[in-house]
Amino acid sequence: MLYSDRVMDHFSNPRNVGELDDANGIGEVGNAKCGDIMKMYIKVDKGVITDVRFKTFGCGAAIATSSMATEMIKGKTIEDALKVTNKAVVEALEGLPPVKVHCSVLAEQAVRAAISDYYTRLGIDPTPIVGEIGDCHACEH
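Residues numbered from 1 in each chain as written. Predicted model: local features only at pLDDT ≥ 70, side-chain atom pairs only at ≥ 80, totals over all residues. Heavy atoms only, no water.

On to the nonpolar core. If you look at the biggest cluster of nonpolar residues, it comprises 37 residues, and the most contacted ones within it are Met 40, Ile 42, Ile 49, Ile 73 and Ile 115. The biggest single contributor to this core is helix α5 (residues 101–121), with 10 residues. Residues contacting Ile 42, with those up to four places away along its chain left out, are Leu 20, Ala 23, Asn 24, Gly 25, Ile 49, Asp 51, Val 52, Ile 73, Ala 114, Ile 115 and Tyr 118. (Core = buried A, V, L, I, M, F, W, Y, C linked by side-chain atoms within 4.5 Å. Buried < 20%, exposed > 50% of the residue type's maximum accessible area, 1.4 Å probe, protein only. Helix = DSSP H or I, 4+ residues; strand = E, 2+ residues; numbered from the N terminus. Contact = heavy atoms within 4.5 Å.)

This is the structure in structure tokens:
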């Protein structure tokens, strides 16, 4: 499989790796059946994601998409972070092989799951804001 230099950079030198002890939103997505599990931690202050970390168990593309997604939402408002799609992650990484696009879907879902958890902790129903966090369709096969 051919990976772009940007994918290889984010795989070899992932940004924002680890846990956030003071996270006020944590989302975990993926499935051990497909081998990719992403956990995203966000710190939100006054509606802005001031810090973000991730832990990913999976392939190089899963690590790269997690890393890129954290870079794309750090410093953004929750509203702007919710606009980050899997397609935007793929574009920022200068492409992914078709069989690895599901990794970008997981990255988008991890962001949404962390934001959903943030709202839940505030006592706010996240579904009207974040939407449903679906399952990874690639994991079903």
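Once you've had a look at it, read on.
What follows is about the pairing of strand β3 (residues 48–57). In regular strands, side chains alternate between the two faces of the sheet. Here strand β2 (residues 36–45) runs beside β3; their pairing, made up of 9 bridges, is antiparallel. Paired with Tyr 41 across the two strands is Arg 53, which belongs to β3. (Pairing = 2+ DSSP bridges.)

One open sheet accounts for 3 strands, arranged β1-β2-β3; its pairing is antiparallel. The open sheet has two edge strands, β1 (25–31) and β3, and neither has a second partner. Strand-to-strand, the axes of this sheet are offset by a mean angle of 15°, without reference to chain direction. For β1 and β2, the ladder comprises 7 bridges, and the chain directions are antiparallel. Bridge pairing links Glu 28 to Lys 39 in β2. Running over the sheet, helix α2 (residues 60–73) touches β2 and β3 and is turned about 175° from β3. Sitting on the sheet, α5 touches β1, β2 and β3, and the angle it makes with β1 is about 145°. (Axes fitted to C-alpha atoms, helices over the stretch in contact; angles between N-to-C directions.)

To describe two helices that pack against each other, one gives the angle between their axes and the distance between the axes. Here α2 crosses α5 at 40°, and the two axes come no closer than 8 Å. Compared by their axis directions, α2 and α5 come out oblique. The two elements α2 and α5 cross, and the hand of that crossing is right-handed. Contacts from Ala 61, Ala 62, Thr 65, Ser 66, Ala 69 and Ile 73 in α2 reach Cys 103, Ser 104, Ala 107 and Val 111 in α5. Here the contact of α2 with α5 is built from residues that sort into 7 nonpolar, 3 polar and no charged. (Parallel < 35°, antiparallel > 145°, perpendicular 65-115°, else oblique. Left-handed = near helix turned anticlockwise from the far one by under 90°. Nonpolar A, V, L, I, M, F, W, Y, C, P; charged D, E, K, R; others polar.)

So, to be careful, I would describe these as geometric facts and stop short of saying anything about function.
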